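# Architecture at a glance
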Amino acid sequence: MSDFQQTATGDLPGIVVTGASGRMGQMLIRLILDSDQARLVGALERPGHAWIGRDLGEAMGGAACGVPVSDDAVAVIAQAQAVIDFTAPAATVAFAELTAQARAVHVIGTTGLEPADLARLAAAARHAPIIRAGNMSLGVNLLVGLTRKVAAALGEDWDIEVVEAHHRMKVDAPSGTALMLGEAAAEGRGAQLADLRTPAREGITGARTAGSIGFSAIRGGDIVGEHDVIFAGTGERLILRHVATDRAIFARGAIRAALWGQDKGPGEYDMADVLGLS
Ligand SMILES: NC(=O)C1=CN([C@@H]2O[C@H](COP(=O)(O)OP(=O)(O)OC[C@H]3O[C@@H](n4cnc5c(N)ncnc54)[C@H](O)[C@@H]3O)[C@@H](O)[C@H]2O)C=CC1
Ligand SMILES: O=C(O)C1=N[C@H](C(=O)O)C[C@H](O)C1
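What you see is a predicted model; the values in this text were computed from it and never measured.

Right, let's talk about the pairing of strand E5 (residues 105-108) for a bit. The alternating pattern of E5 places Val105 and Val107 on one face and His106 and Ile108 on the opposite face, and all of these are buried. Bridge count for strand E4 (residues 82-85) against E5 is four bridges, and the pairing is parallel. The residue bridging Asp85 from the neighbouring strand is Ile108, located in E5. As a crossover connection, the stretch from E4 through helix H4 (residues 89-101) into E5 is right-handed. With three bridges connecting them, E5 and strand E6 (residues 129-132) associate as parallel partners. For His106, the partnering residue across the bridge sits in E6 and is Ile130. For the handedness criterion, the β-α-β arrangement of E5, helix H5 (residues 115-124) and E6 is classed as right-handed.

Here's what the structure looks like:
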């Protein structure tokens, strides 16, 4: 039986994990319980989920850890110094409002957020720090900077395509990471992604529009996350690639962000801020 006993004691920042039964939720919980820098103070799941009311450690198949799984977001978030949230857009927007009311740090990994969701996050960030990134790994955040530089160095005769691959359960496309990379490429070209983004291709699409940025998504099996930024020139191609093989890279980044945010004022931050890459 796994031991889900909490390592940390004392006055360490208390973290609440939302989406506790999810792929990222369970990874975060394991790492926080093992951490000597943070404490797990709550676990949230959606109303009606089979884990509600159970001890989290037991629900995860191990020994009891003394943290119940709850759907009472108001009560649980009131205990938090940070909320780490990898769930779904509607849930994340609701958690942002509650986390801001608690004046806690909200670390958001959820992708697929629409402009209206982002506007509500911006409103919440007037009261407390929000740290959000479509990818919390060090490697991808370095790749973002490289993409910006290469796009700036190469002229418009180098076509830019972002290709991503994920597991069969992923619900949004393009991935949050693909959009971060597309935005960086557009910035390198002195433009906004919205002005260069090509819709998904199918049928008689006509030739490629010069200067556009295309996206392709593969879904299958248990692929954790793979991203290529292809710069296709005439007679040569340059490909920047990141391959994730373990979700722990995202969870470690999110925990680092939660700790980094403890002395920050209200506002919107990203992983480049956390990692000192801005
Ligand atoms: N930024 C990053 O580095 C990463 C972002 N993600 C994103 O994180 C999100 C979650 O990914 P996974 O863990 O793979 O998905 P998942 O489907 O395994 O987990 C999501 C969990 O959220 C729960 N949930 C949904 N609504 C809720 C609510 N109202 N209250 C509490 N819990 C709720 C679900 O029941 C589920 O357990 C996705 O948007 C994904 O793209 C995933 C990995 C890395
Ligand atoms: O859903 C996932 O799994 C992932 N989502 C993020 C994204 O949309 O880019 C990050 C990572 O690629 C895994």
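Moving on to the sheet that holds strand E3 (residues 69-70). One open sheet accounts for seven strands, arranged E3-E2-E1-E4-E5-E6-E11; its pairing is parallel. The open sheet has two free edges, formed respectively by E3 and strand E11 (267-269), since each of these has just one partner strand. With two bridges joining them, strand E2 (residues 39-44) and E3 adopt parallel strand pairing. If you follow Leu44 over to E3, its bridge partner there is Ser70. Those strands touched by helix H1 (residues 23-34) are strand E1 (14-18), E2 and E4, and its axis lies near 160° from that of E1. Against the sheet, helix H9 (residues 248-260) makes contact with E1, E4, E5 and E6, and its axis sits at roughly 160° relative to E5, the strand it touches most.

Thresholds applied
Residues numbered from 1 in each chain as written. Chains lettered and ligands numbered in written order. Predicted model: local features only at pLDDT ≥ 70, side-chain atom pairs only at ≥ 80, totals over all residues. Buried ≥ 20, exposed ≤ 12 C-beta atoms within 10 Å, placed from the backbone. Helix = DSSP H or I, 4+ residues; strand = E, 2+ residues; numbered from the N terminus. Pairing = 2+ DSSP bridges. Right-handed = clockwise from strand over helix to strand, strands pointing away. Contact = placed C-beta atoms within 7 Å. Axes fitted to C-alpha atoms, helices over the stretch in contact; angles between N-to-C directions.

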